[in-house]
Amino acid sequence: MGNFELYRNSTIGRCLLQTLDEMVSNQTLSLELAIQVLFQFDTAMAEALRTQVQSKVTIKGHLNTYNYFDDVWTFILHDAVFKNEEGQQHVGKVKIVACDSKLSG
């Protein structure tokens, strides 16, 4: 998994990829410029997460499975509860994918 693939698999990342692909297919945008836009997106997402996210969340649940491959942890929890300073949210099933932020730089 690439360093920034997690950002690209988010809703905003998938929409950006779809739009860029369409623009390259219609020859509205060059492939080189589309690659530059993706790089800027990855950099901006990493910077925003590093500098702007200040909330902390506690997650509790029943660990169903876990996996470690290529420096990426994957956890699947059942009956999870997310808690922050504003309250808590119960979730039936959640998949958490985590990687070392030092590897993305």
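Residues numbered from 1 in each chain as written. Predicted model: local features only at pLDDT ≥ 70, side-chain atom pairs only at ≥ 80, totals over all residues. Heavy atoms only, no water.

The name given to the protein chain in an unreviewed UniProt entry is Transcription initiation factor IIA subunit 2, and the organism recorded there is Papaver nudicaule. Under the Sequence similarities (unreviewed entry) heading, UniProt states for the protein chain: "Belongs to the TFIIA subunit 2 family." (UniProt positions renumbered as here; feature names shortened; annotations may be inferred.)

Summed over all chains, the structure comprises three aromatic pairs. A centroid spacing of 4.7 Å and a plane angle of 45° characterise the contact between Y68 and W73, whose relative ring orientation is tilted. Taking relative accessible area as the criterion, Y68 reaches 44% and is therefore assigned partly exposed. Joined through ring pairs, the aromatic side chains of Y66, Y68, W73 and F75 make up one cluster. (Phe/Tyr/Trp six-rings, centres within 6.5 Å; stacked < 30°, edge-to-face > 60°. Buried < 20%, exposed > 50% of the residue type's maximum accessible area, 1.4 Å probe, protein only.)

To continue, consider the packing of helix α2 (residues 11–25) against helix α3 (residues 31–51). It is at 10 Å that the axes of α2 and α3 come closest, and there the two elements cross at 170°. The orientation of α2 with respect to α3, classified from their angle, is roughly antiparallel. Between α2 and α3, the contacting residues are I12, G13, L16, L17, L20 and V24 on the first element and L31, A34, V37, L38 and F41 on the second. The residue inventory of the contact of α2 with α3, partitioned by class, reads ten nonpolar, one polar and no charged. (Axes fitted to C-alpha atoms, helices over the stretch in contact; angles between N-to-C directions. Helix = DSSP H or I, 4+ residues; strand = E, 2+ residues; numbered from the N terminus. Parallel < 35°, antiparallel > 145°, perpendicular 65-115°, else oblique. Contact = heavy atoms within 4.5 Å. Nonpolar A, V, L, I, M, F, W, Y, C, P; charged D, E, K, R; others polar.)

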